[in-house]
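Structure at a glance
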Amino acid sequence: MKTKVLIIGACGQIGTELTHKLRDIYGIDNVVASDIRKLNNDVVNNGIFEVINALDYNQIEHLIEQYQITDVYLMAALLSATAEKNPAFAWDLNMNSLFHVLNLAKAGKIKKIFWPSSIAVFGPTTPRINTPQYTIMEPTTVYGISKQTGERWCEYYNKQYGVDVRSIRYPGLISWTTEPGGGTTDYAVDIYHKALSDGAFECFLSEDTALPMMYMDDAIRATIEIMQADEDKIKIRSSYNLSGVSFTPKEIATEIKKHIPDFTITYKPDFRQKIADSWPASIDDSNAREDWQWKHQFDLASMTIEMLENLK
Ligand code: VAH
């Protein structure tokens, strides 16, 4: 059966780059990008684009039938910082969009689903260093609670109904093509923009706040690889730990100074410090490496070169 892809949330930080990559792989006539509004010109103007509400089951079902969709990438969600400001809507969007796609797959209308989880599923009682795949998970953010619950439902629909849903616990993602939206790890994107535009950056996290991070190219490759892996290789149907690099604001600033010697950073922690402090400092992703041969490519030095080169 020919792969026909629907991306829901195609204009988001991951969605924009994922859409570009999926169009390259499957051809622009086989990829339908969709979002609640036309929020990104590259996504809207370079292939099939449809405006839909991820909370409207009938709109999703109609697109699936109209384009004979086989694979759905559900990227629509409220991220950690935004979700804290709007808990009810965050729960509604993050959970009910997932139920719509899982139920369409259960009804046999979708062959395969990708759904993003996050290291936000871990909480302050989780071991913070090299956090294992299986461990204590008591998330303290609305976003983290929604992602932990979503993982439980993904595994339930796979075990009970045979739904082929695959998921990755993304760390903080760093990219230059789009402004990130409402995440606690967004400082690691903004710092490059401000280093080039102002030569200075005020960080909303403290200097020693280590967090698991990943360059977007690695995250997109991981997403494609898990979706293209043979079904029997995907042994974990909640969500896979995934790791690239871990660093602190001080370490990323030091790396930037190698390229912009006069760059200065100041620290003014805000409400996002409490969120960051509840998350792991580093992640053990050995299950992904064993099951579907995951391997990250970008470290802090090579990511910094990429970011500064592309943002100049
Ligand atoms: C956020 N960028 O900050 C997301 C991510 C691990 C963090 O899930 O909410």
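Note that this is a predicted model, so its numbers are computed, not measured.

1. Regarding the sheet that holds strand 7 (residues 172-174)
Read from one edge to the other, the open sheet built from three strands follows the order 7-9-11, with strand pairing classed as mixed. Bordering the open sheet on either side are strand 7 and strand 11 (245-247), each of which pairs with just one other strand. When the angles between neighbouring strand axes are averaged without regard to direction, this sheet yields 45°. With three bridges joining them, strand 9 (residues 211-215) and strand 11 adopt antiparallel strand pairing. Bridge pairing in strand 11 places Leu211 opposite Phe247. In the packing of helix 7 (residues 187-197) onto the sheet, the strands contacted are strand 7, strand 9 and strand 11, and the crossing angle to strand 7 comes to about 25°.

2. Remarks on the sheet that holds strand 4 (residues 71-74)
By way of backbone hydrogen bonds, the strands of a sheet pair with one another, either parallel or antiparallel. Here we have seven strands laid out as an open sheet, ordered 3-2-1-4-5-6-10, and parallel in their pairing. Here the strands that pair on one side only, and so sit at the sheet edges, are strand 3 (48-51) and strand 10 (240-241). As defined by bridge partners, strand 4 adjoins strand 5 (residues 112-118) across three bridges and the pair is classed as parallel. Paired with Tyr73 across the two strands is Phe114, which belongs to strand 5. The sheet strands contacting helix 1 (residues 13-26) are strand 1 (5-8), strand 2 (31-35), strand 3, strand 4 and strand 6 (165-170), and the helix crosses strand 2 at an angle near 165°. Sheet strands in contact with helix 3 (residues 57-66) are strand 1, strand 2, strand 3 and strand 4, and its direction is about 155° off that of strand 1.

3. Things to note about the nonpolar core
Counting residues in hydrophobic clusters, the biggest one holds 66 residues, and the most contacted among them are Ile8, Ile174, Tyr187, Tyr192 and Phe247. Leave out the neighbours within four places in its chain, and Phe247 touches Ile174, Tyr187, Ala188, Thr209, Ala210, Leu211, Met213, Ile252, Leu300 and Met303.

4. Concerning the site of the ligand
Every residue lining the ligand is accounted for by Leu79, Ser80, Ser118, Ile119, Tyr143, Tyr170, Pro171, Gly172, Gly183, Thr184, Thr185 and Trp279. A distance of 2.8 Å is found between an oxygen atom of the ligand and a side-chain nitrogen or oxygen belonging to Tyr143. At 3.1 Å from a nitrogen atom of the ligand is found a side-chain nitrogen or oxygen belonging to Thr185. Compared with its free state, where it exposes 270 Å², the ligand has 95% of that area covered by protein. A breakdown of the residues in the shell around the ligand according to their chemical character gives six nonpolar, six polar and no charged. Two domains each donate at least three residues to the shell around the ligand, and these are domain 1 (5-171 + 216-241) and domain 2 (173-213 + 244-311).

5. As for the packing of helix 7 against helix 12 (residues 300-311)
Contact geometry of helix 7 with helix 12 gives a least axis separation of 10 Å together with a crossing angle of 50°. Taken together, helix 7 and helix 12 sit at an angle that is classed as oblique. The hand of the helix 7/helix 12 crossing is right-handed. The segment helix 7 lies against helix 12, with Val189, Tyr192, His193 and Leu196 engaging Leu300, Met303, Thr304, Met307, Leu308 and Leu311. Its residues assigned to classes, the contact of helix 7 with helix 12 shows eight nonpolar, two polar and no charged.

6. Here we look at the UniProt feature "domain: NAD-dependent epimerase/dehydratase" (unreviewed entry) in the protein
Mapped onto the present numbering, the UniProt feature "domain: NAD-dependent epimerase/dehydratase" (unreviewed entry) falls at residues 5-232. Secondary structure over residues 5-232 splits into 43% helix and 18% strand, and the C-alpha atoms at its two ends are 21 Å apart.

7. Notes on the pattern of salt bridges
In this structure the tally under the stated criterion is 13 salt bridges. Linking Arg272 and Asp270 is a salt bridge whose minimum nitrogen-to-oxygen distance equals 2.6 Å. The partner of Arg289 in a salt bridge is Asp285, and the shortest N-O contact between them spans 2.5 Å. Since its relative accessible area comes to 29%, Arg289 is described here as partly exposed. Given the relative accessible area of 5%, Asp285 is considered buried. Put simply, Glu61, Glu65 and Lys109 are held in one network by salt bridges that share partners.

8. Structural notes on a nonpolar patch on the surface
Together, Trp153, Tyr156 and Tyr161 make up an exposed nonpolar region whose accessible area comes to about 290 Å². Assignment of secondary structure puts Trp153 in helix 6 (residues 142-161).

Thresholds applied
Residues numbered from 1 in each chain as written. Predicted model: local features only at pLDDT ≥ 70, side-chain atom pairs only at ≥ 80, totals over all residues. Heavy atoms only, no water. Pairing = 2+ DSSP bridges. Helix = DSSP H or I, 4+ residues; strand = E, 2+ residues; numbered from the N terminus. Axes fitted to C-alpha atoms, helices over the stretch in contact; angles between N-to-C directions. Contact = heavy atoms within 4.5 Å. Core = buried A, V, L, I, M, F, W, Y, C linked by side-chain atoms within 4.5 Å. Buried < 20%, exposed > 50% of the residue type's maximum accessible area, 1.4 Å probe, protein only. Near = heavy atom within 4 Å. Polar contact = N/O pair within 3.5 Å; in protein donor to acceptor, adjacent residues only side chain to side chain. Areas by Shrake-Rupley, 256 points an atom, 1.4 Å probe, with all protein chains shown as cover. Nonpolar A, V, L, I, M, F, W, Y, C, P; charged D, E, K, R; others polar. Domains from an automatic or database assignment. Parallel < 35°, antiparallel > 145°, perpendicular 65-115°, else oblique. Left-handed = near helix turned anticlockwise from the far one by under 90°. UniProt positions renumbered as here; feature names shortened; annotations may be inferred. Salt bridge = Lys/Arg side-chain N within 4 Å of Asp/Glu carboxyl O. Patch = residues over 30% accessible without salt bridge, like charges linked within 9 Å, V, L, I, M, F, W, Y side chains within 5 Å.

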